[in-house]
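Below are the chains, spelled out letter by letter.
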Amino acid sequence: ILQDLDLKIIAINEEACRILGVNKETILYNDHQQLPWQRIHENGSPIPHNEHPSVRCLQTQQPQRDVVLGLQQSQRTLWLNVNCQPMMMNGQIQGVISSFSDITEQKQLTESLSLAASVFTEAREGIVITDEQGLIVKVNRAFTEMTGYTMADVIGQSPKLWKSGYHDHVFY
């Protein structure tokens, strides 16, 4: 996206339109404040106009790198990693050129992993995770509290360590 000194969008490529879900006619010659979505920080709070990466780039004449922001519209959030670069000519800033990538799926996966890790950590049931060879790679806090074994005691061991004789070999 190319923006002039008034932050009006004067050029946009097809891929940016595809990611944003808009056509060129909708977005050209508008500034980011006129577009139909709310810009948010990762914590969900609104991004004030003066904190938008293209505004900061224009004001500071410094690149803005790897800024994560969300575009929220009707219960859907598109997450972007944004980079902005001042466009200079003869030592004078002429505008801002921005590039971005859609990181929505990556962000959702990260949140899912974080939730799974939280469930594992906070569960009141003892949980043992093994690798494909059946060796223990991780246990949760409830496991160590219930059994008295430390994580160091069991990592790399087989659950056969607790073989009771009540189950057949398939169980282990």
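First, a word on scope: everything that follows refers to the structure included in this document. Since the structure is predicted, the reported quantities are computational estimates derived from the model, not experimental observations. (Residues numbered from 1 in each chain as written. Predicted model: local features only at pLDDT ≥ 70, side-chain atom pairs only at ≥ 80, totals over all residues. Heavy atoms only, no water.)

**Some details on the sheet that holds strand E4 (residues 64-73)**
The sheet built from six strands is open, its strands ordered E2-E1-E6-E5-E4-E3 with antiparallel pairing. Two strands bound the open sheet, and with one partner strand each, they are strand E2 (9-11) and strand E3 (38-40). Relative to E2, strand E1 (residues 2-3) is paired through two bridges, and the arrangement is antiparallel. Bridge assignment links Gln 3 to a residue of E2, and that residue is Ile 9. (Pairing = 2+ DSSP bridges. Helix = DSSP H or I, 4+ residues; strand = E, 2+ residues; numbered from the N terminus.)

**Points about the pattern of salt bridges**
The full count for this structure, using the stated rule, is six salt bridges. Between Glu 42 and Lys 107 there is a salt bridge whose closest N-O contact spans 3.1 Å. Within this pair, whereas Glu 42 is found in the loop between E3 and helix H3 (53-60), its partner Lys 107 is found in helix H4 (residues 104-122), the two being separated by 65 residues in sequence. When its relative accessible area of 14% is taken as the criterion, Lys 107 is described as buried. If you follow the salt bridges from partner to partner, you end up with Glu 42, Lys 107 and Glu 111 in one network. (Salt bridge = Lys/Arg side-chain N within 4 Å of Asp/Glu carboxyl O. Buried < 20%, exposed > 50% of the residue type's maximum accessible area, 1.4 Å probe, protein only.)

**Digging into the environment of Val 154**
Of note, Val 154 is situated in helix H6 (residues 151-154). Given the relative accessible area of 0%, Val 154 is considered buried. For Val 154 and Val 128, which are 26 residues apart along the polypeptide, the C-alpha to C-alpha distance reads 9.5 Å. Val 154 has contacts with Ile 136, Val 139, Phe 143, Tyr 149, Leu 161 and Trp 162, leaving out every residue within four places of it along the chain. (Contact = heavy atoms within 4.5 Å.)

**Looking at the nonpolar core**
Counting residues in each nonpolar core, the largest one holds 25 residues, and the members touching the most others are Ile 1, Ile 12, Leu 20, Ile 27, Leu 71, Leu 80 and Phe 100. Broken down by secondary-structure element, the contributors of at least two residues to this core are helix H1 (14-20), H3, E4, strand E5 (76-89) and strand E6 (92-102). Leave out the neighbours within four places in its chain, and Leu 80 touches Ile 19, Leu 20, Val 67, Val 68, Leu 69, Leu 71, Phe 100, Ser 101, Asp 102 and Ile 103. (Core = buried A, V, L, I, M, F, W, Y, C linked by side-chain atoms within 4.5 Å.)

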